[in-house]
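# Architecture and fold: a report
The chain contents come next:
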Amino acid sequence: MIDHHTPPDPDVRRLIEQSRAQLDAFAGTVRSASDAQARLTQAMQTPGEPPLHLADLRETIDQLFGQGHWAQALPLATRLLMAAPSCPSASYRLGTCLQRMHRPAEALAAFAHCLASQGDQPSPGPLLRLAECLAAIGHRDDAVQCLHTCVELARTDPDHRELQALALQLTDDLRR
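Residues numbered from 1 in each chain as written. Predicted model: local features only at pLDDT ≥ 70, side-chain atom pairs only at ≥ 80, totals over all residues. Heavy atoms only, no water.

A few words now on the packing of aromatic side chains. Going through the model one piece at a time under the given rule, you end up with 2 aromatic pairs. Arranged with centres 4.8 Å apart and planes meeting at 45 degrees, the rings of Phe65 and Trp70 form a pair that is tilted. Taking relative accessible area as the criterion, Trp70 reaches 21% and is therefore assigned partly exposed. (Phe/Tyr/Trp six-rings, centres within 6.5 Å; stacked < 30°, edge-to-face > 60°. Buried < 20%, exposed > 50% of the residue type's maximum accessible area, 1.4 Å probe, protein only.)

A word on the packing of helix α4 (residues 70-83) against helix α5 (residues 88-100). At a closest axis distance of 9 Å, the pairing of α4 and α5 adopts a crossing angle of 155 degrees. Between α4 and α5, the angle is such that the two are roughly antiparallel. Between α4 and α5 the crossing geometry is left-handed. Here Trp70, Ala73, Leu74, Ala77, Thr78, Leu80 and Leu81 of α4 come into contact with α5, specifically with Ala90, Ser91, Arg93, Leu94, Thr96, Cys97, Leu98 and Arg100. Among the residues forming the contact of α4 with α5, the class breakdown is 10 nonpolar, 3 polar and 2 charged. (Axes fitted to C-alpha atoms, helices over the stretch in contact; angles between N-to-C directions. Helix = DSSP H or I, 4+ residues; strand = E, 2+ residues; numbered from the N terminus. Parallel < 35°, antiparallel > 145°, perpendicular 65-115°, else oblique. Left-handed = near helix turned anticlockwise from the far one by under 90°. Contact = heavy atoms within 4.5 Å. Nonpolar A, V, L, I, M, F, W, Y, C, P; charged D, E, K, R; others polar.)

This part is about helix α3 (residues 54-66). An ideal rise of 1.5 Å per residue puts 18 Å on 13 residues; α3 measures up with 18 Å between its terminal C-alpha atoms. Buried residues of α3: Leu57, Thr60, Ile61, Leu64 and Phe65, and no others. Burial along α3 is one-sided: seen end-on, the buried residues are contained in an arc of 140 degrees. In α3, the exposed positions angled more than 90 degrees off the buried face are occupied by Glu59 and Gly66. Within two residues after α3, Gly68 carries a phi angle of roughly 75 degrees, on the positive side. (Expected span 1.5 Å × (residues − 1). Arc of directions from axis to C-beta.)

Encoded structure:
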C-alpha cells in the first residue's frame, strides 16, 4: 500500500522519492539475477548514490512516525535497514512501520532481526512488539513466552516499568 499523499516539506518529499526509486531498483536487481547468491550480492550494491546521512534519515522517519504517516515512512525505514543492516534501531523502525500499517507477519521478521542484532543483550521493547505481532497472527503461546521474557528484562531497569505493565496486561489478555 503506497500513500500517495506527499508531505509538504520538499526535502522529505525528495527523500521519499529517492528511497522509492532505490527500492524499485533493488527489486529489479533481485528479480533479474540468475541465482540467489548473485541476487544478494547485486542487490546490496547501491549504484552511484551520494552518501546517506543515517542520522538525518532516522530523524525524518521519526518525524513521519510522529505525524502518523506510516506509508510515507516505509520506504525510508526500508532504506535505513538496507544502509545499516546490523543496527537494531533500523530494524525496529521498519518493524514499527509495518506493524502500524497492519502487516504483523512482515513486522515480525523485522522485530526478530532487531533482537538478533542486539545479540545476548536484548531489550524489552522489541520483545513486546514481537509478542504483539505473534498474537496478531494467532501464535498466542509464543507471544506469551516473549512477554514473559519482556517482563523479566523490564524488571531489571526502572525505566522500563511502562513496558513491563504493557507486557503483563497483554499476557492477561492473551490468557482469557
